[in-house]
Amino acid sequence: MTAALTLPPDPRLEGTLSVLSPSGELLRPDLVPGDEILLKLYTGMRRARVFDDRAMVLQRQGKLGVYPCFGGMEATQVGAALALQDGDWVLPTYRGTALAMMRGMTLAQILLAWRGHPAGYQVDPKLHILPFYIPIANQIPHTAGIALAEKRRGTGLLAMAFIGDGGTSEGDFHVGVNFAGAFCAPAIFVIENNGWAISTPTSVQTAAKNLASRAEGYGMPGIRVDGNDVLAMYHVTLEAAERARRGEGPTLIEAITYRILPHTSSDDPKRYRQETEADAWRGRDPGMRLRAYLESRGMWSEEQEQDVMKGMEAEIKAAMLEADQAAPIEPEALLEHIYAEPLAEMKDQLAEIRALEALK
Amino acid sequence: MTVAAERQAAQEQVKTMTMVAAVNDALRVALERDDKVMLFGEDVGMGGVFRASDNLQNLFGEERVFNTPLSEAGIMGLAVGLGIAGEKPIAELQFAGFIYPALEQINAQIGRYRQRTQGNFPLSMVVRAPYGGGIHSPEMHADSPEGLVAAVPGVKIVIPSTPYDAKGLLLAAVDDPDPVFFFESIKLYRSVKGEVPTGHYTVPLGKARIAREGDDCTVLCYGGMVEVCEEAAVAAAAAGVNVEVVDLRSIVPLDFETISESVKKTGRVVIVHEAARRMGFGAELSARIAEELIEYLHAPITRVTGWDAPYPPFTAAEHMYRPDAARVAAGIRKVLDY
């Protein structure tokens, strides 16, 4: 913890809202949520981190496909998720595992999704967690559409999308945020600005001073927040959600965080950046920060920590067993769910695949 | 109104309409029948540039019939979001030639969403787009991008050629559980008239129509080319040649059964479309006929299409690009004289 106290200020964080300092000192007593929320935020982050660490190991063991890790960035997703209500919609990026966990996707489903197994795509639609969006920024216009539907129905529900800093350069980002603004739709757009789009730093994405400043051009508030401070993230998302539910339209949130890990299990960040940069951000670890605060209030102990860790290890083990038992992929999976009823030629193609598979 | 009562009413009231009026009438019926139906796009609230949505905002309000900001990708993405959330969006692209910014949404999202969610979020949505040439429109306004869209698994493509079909197919598209692209020939909007029931009725997707019977040669066509092919067939009949004109109506799903029956009967095939020849939908048709029906063919398949060039930005050159009855007639002669 003491190392964090000597962290040099990072210019990326200039002007962002923080509730806790990197070493866990309380900066904004007025913005601290209740004890129950504090514990949910902490355990949510801890569980996500254990999963992420383990998923990287599983990938190395050949038990998962390419895996987009998020360790060190979990505060953004966990804080935002906990500010929502049941029935709100979330549209994650491929790096949205923590968000998916918070919104009720099971660990077995997440493992199967990263194995490329159809069962991982079979998520209860009532959860309103949409599939990990692999194409960049396509989810942003969808968010406007979903939010418009909820507005029209007067449900008080909203849609929240995540996007990376690189994704904000895509046309669909502009298009979708602009549509949501123009329709005054109940939407929240969270930019997870983790500094790097694979090897491209944010400074190459844009000449803008920061990404939240774009909000003015879309006619909505743009909020900059310390994305490694889960209390700050929870607070700004809650405010944005209340604004959306009051009918005041969308909010653009730029959460400043850092991808201390590779882009995915296939990437080697040493090719393009200094590890000293990542080291400084390791000192801003969101879990350590909240834990220090909770300990200072006597709300957390090593024993509780071990309980969460052990519980999570057991959950992952059980999820792996469940994932391993998923039915093998049949030829049908290739041609199923493309149309409500397969087209005539698809039935012929399925017969061809079956015949070819039978020869193997 | 019950379905049976609706049918009766539909049969009782029939009006002569242009194709664009039939489209307008279909939209009215769709909006009337289902509160979830929404209609939007560029200028759609004011009736759209071809007046296909005339008066609908007055009837159904700005919540259900509205203008969007100008962005084809946004209009497609908005429709996806509305569809996911359980609404029934009908999105209009002002011209099919403006589809290119939306291709990512079509390929990466609209075609894949059902499978990506293992059937949990099917997208029941309709995209309407005026397509094709023949009215001396500016650059990009006369394109026929049906082949580009047909290359995307997961979407359906319907292209009517009569007012009756336009209304019945559009209402079937609205009811369809899959995303349907509905291309409306700009040339036919006001050049054809026909009897159209004013109530609700549907024409099933995936059933071709024999526009004219004949046993000497099969001409496969759709949309704006159907009247051109019929004209060529009339000319051929005067010379004693009986041409069968098959209006495909939808290219996905494709009614290969009807095509097959016709080809088996005539043994000669001419395929006609406005899009460029290379990788146009005629390439798919030709390949399938060659794969499955080669032993019935008495002549090589001939394609009468746009050239492998952009649809000419020079309106004075349009007549050289867009197939006309004379070119179709030449195609018919070619397969007969082989």
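Residues numbered from 1 in each chain as written. Chains lettered and ligands numbered in written order. Predicted model: local features only at pLDDT ≥ 70, side-chain atom pairs only at ≥ 80, totals over all residues. Heavy atoms only, no water.

K.L.:
Would you take a moment to explain the overall build of chain A for this structure?
P.N.:
Along chain A, the regular secondary structure elements total 15 helices and seven strands. Each of the three principal axes of chain A carries a C-alpha extent, and together these read 65 × 50 × 40 Å. Looking at the 360 residues of chain A, the share that counts as buried comes to 56%. Long-range pairs, those at least 24 residues apart, make up 73% of the contacts in chain A with a sequence separation of at least 6. In chain A, 36 positive and 47 negative side-chain charges are present, and the distance between their average locations comes to 1 Å. (Helix = DSSP H or I, 4+ residues; strand = E, 2+ residues; numbered from the N terminus. Buried < 20%, exposed > 50% of the residue type's maximum accessible area, 1.4 Å probe, protein only. Contact = heavy atoms within 4.5 Å. Lys, Arg positive; Asp, Glu negative; His and termini not counted. Charge placed at Lys NZ, Arg CZ, Asp CG, Glu CD.)

K.L.:
Help me understand the interface of chain A and chain B, please; the structure alone is not making it clear to me.
P.N.:
Frequently, the measure chosen for interface size is the accessible area removed from exposure when the parts meet. At the interface, 37 residues of chain A touch 44 residues of chain B. At the surface where chain A touches chain B, the tally comes to three salt bridges. For the salt bridge of Glu345 of chain A with Arg288 of chain B, the shortest nitrogen-to-oxygen distance reads 3.9 Å. Sorting the residues of the side of chain A that touches chain B by element identifies helix H6 (139-153), helix H7 (171-182) and helix H14 (332-335) of chain A as the ones contributing at least two each. Among the elements that make up the side of chain A that touches chain B, the one with the highest residue count is H6 of chain A (nine residues). (Salt bridge = Lys/Arg side-chain N within 4 Å of Asp/Glu carboxyl O.)

K.L.:
Teacher, can you tell me more about the packing of helix H11 (residues 256-266) of chain B against helix H12 (residues 281-293) of chain B here?
P.N.:
For any two helices packed against each other, the geometry is given by the interaxial angle and the distance between the axes. All names here are of chain B. Contact geometry for H11 and H12: axes closest at 11 Å, N-to-C directions at 65°. As for how H11 packs across H12, the hand of that crossing is right-handed. Contacts between H11 and H12 involve Phe256, Ile259, Ser260, Val263 and Lys264 from the first element and Leu285, Arg288, Ile289, Glu292 and Leu293 from the second. Tallied by class, the residues present in the contact of H11 with H12 amount to six nonpolar, one polar and three charged. (Axes fitted to C-alpha atoms, helices over the stretch in contact; angles between N-to-C directions. Left-handed = near helix turned anticlockwise from the far one by under 90°. Nonpolar A, V, L, I, M, F, W, Y, C, P; charged D, E, K, R; others polar.)

K.L.:
What exactly am I supposed to notice about the sheet that holds strand S13 (residues 269-276) of chain B here?
P.N.:
Hydrogen bonds along the backbone pair up the strands of a sheet, which may run parallel or antiparallel. All names here are of chain B. The mixed open sheet is built from five strands, whose spatial order is S9-S11-S10-S13-S14. The two strands at the open ends of the sheet, each matched to only one other strand, are strand S9 (209-212) and strand S14 (302-306). On average, adjacent strands in this sheet sit at an angle of 25° to one another, irrespective of strand direction. H12 contacts strand S10 (217-221), S13 and S14 of the sheet and is inclined by roughly 155° relative to S13. (Pairing = 2+ DSSP bridges.)

K.L.:
Would you take a moment to explain the pattern of salt bridges for this structure?
P.N.:
Inspection of the entire model under this criterion finds 43 salt bridges over all chains. For Arg115 of chain A, the salt bridge is made with Asp324 of chain A, and the minimal N-O distance between the two is 2.9 Å. With Arg115 of chain A in the loop between helix H5 (107-113) and H6 and Asp324 of chain A in helix H13 (residues 302-324), the pair connects residues that are 209 residues apart, well separated along the chain. Arg152 of chain A is the salt-bridge partner of Glu87 of chain B, the closest N and O atoms lying 2.9 Å from each other. On the criterion of chain membership, the pair formed by Glu87 of chain B in the loop between helix H4 (72-84) and strand S4 (88-92) and Arg152 of chain A in helix H6 is interchain, its members lying in two chains. Several salt bridges converge on common partners, so that one network encompasses Arg46, Arg291, Glu295, Glu302 and Glu305 of chain A.

K.L.:
Even after reading the chapter, I still don't get the pairing of strand S5 (residues 126-131) of chain B, so can you show me in this structure?
P.N.:
Consecutive residues of a regular strand have side chains that alternate between opposite faces of the sheet. The buried count for S5 of chain B comes to six of six residues, which makes it a mostly enclosed element. Here S5 of chain B shows a buried face lined by Val126, Arg128 and Pro130 of chain B and a second buried face lined by Val127, Ala129 and Tyr131 of chain B.

K.L.:
Hey, could you run me through the packing of helix H10 (residues 225-238) of chain B against helix H14 (residues 325-337) of chain B in this one?
P.N.:
Residue and element names in this part refer to chain B. Where H10 contacts H14, the two axes come as close as 8 Å, and the packing angle between them is 60°. One element, H10, and the other, H14, form an angle in the oblique class. Crossing hand, H10 versus H14: right-handed. Across from Val228, Cys229, Glu231 and Ala232 in H10, the residues of H14 making contact are Ala325, Val328, Ala329 and Ile332. (Parallel < 35°, antiparallel > 145°, perpendicular 65-115°, else oblique.)

K.L.:
Just checking my understanding: could you explain the sheet that holds strand S12 (residues 250-252) of chain B for this structure?
P.N.:
All names here are of chain B. Within the open sheet, the seven strands sit side by side as S3-S2-S4-S5-S7-S6-S12. Their pairing is mixed. Every interior strand has two partners, whereas the edge strands, strand S3 (65-67) and S12, have only one. Across this sheet, the average inter-strand angle for adjacent strands is 20°, counted without regard to direction. The pairing of strand S6 (residues 156-158) with S12 spans two bridges and is antiparallel. Following the sheet pairing, Ile157 is matched in S12 by Val252. Its contacts with the sheet place H4 against strand S2 (37-41), S3, S4, S5 and strand S7 (180-185), and it is angled at close to 170° to S4.

K.L.:
Help me out: how do you make sense of the side chain of Thr16 of chain A in this one?
P.N.:
Of note, Thr16 of chain A is situated in the loop between helix H1 (2-5) and helix H2 (35-60). From its side chain, Thr16 of chain A meets the backbone oxygen of Leu13 of chain A in a polar contact 2.7 Å long. (Polar contact = N/O pair within 3.5 Å; in protein donor to acceptor, adjacent residues only side chain to side chain.)

K.L.:
Help me out: how do you make sense of a nonpolar patch on the surface in this one?
P.N.:
Taken together, the side chains of Tyr100, Met140 and Leu148 of chain B make up a nonpolar region of the molecular surface, amounting to roughly 250 Å² of accessible area. Tracing the backbone through its elements, the reader meets Leu148 of chain B in helix H7 (residues 146-150). (Patch = residues over 30% accessible without salt bridge, like charges linked within 9 Å, V, L, I, M, F, W, Y side chains within 5 Å. Areas by Shrake-Rupley, 256 points an atom, 1.4 Å probe, with all protein chains shown as cover.)

K.L.:
Just checking my understanding: could you explain the domain arrangement of chain A for this structure?
P.N.:
Domain assignment breaks chain A into domain 1 (11-329) and domain 2 (330-359). Relative to domain 2 of chain A, the C-alpha centre of domain 1 of chain A lies at a distance of 37 Å. (Domains from an automatic or database assignment.)

K.L.:
Any chance you could explain the pairing of S10 of chain B here in plain terms?
P.N.:
All names here are of chain B. For S10, the tally of buried residues reaches five of five residues, placing the bulk of the element in the interior. Strand direction decides the pairing type here: S10 and strand S11 (residues 243-247), joined by five bridges, are parallel. Pairing of Cys221 across the sheet is with Asp247, part of S11. Summarising the sheet, S10 and S13 pair through three bridges and their orientation is parallel. Residue pairing for S13: Val219 is matched across the bridge by Val270.

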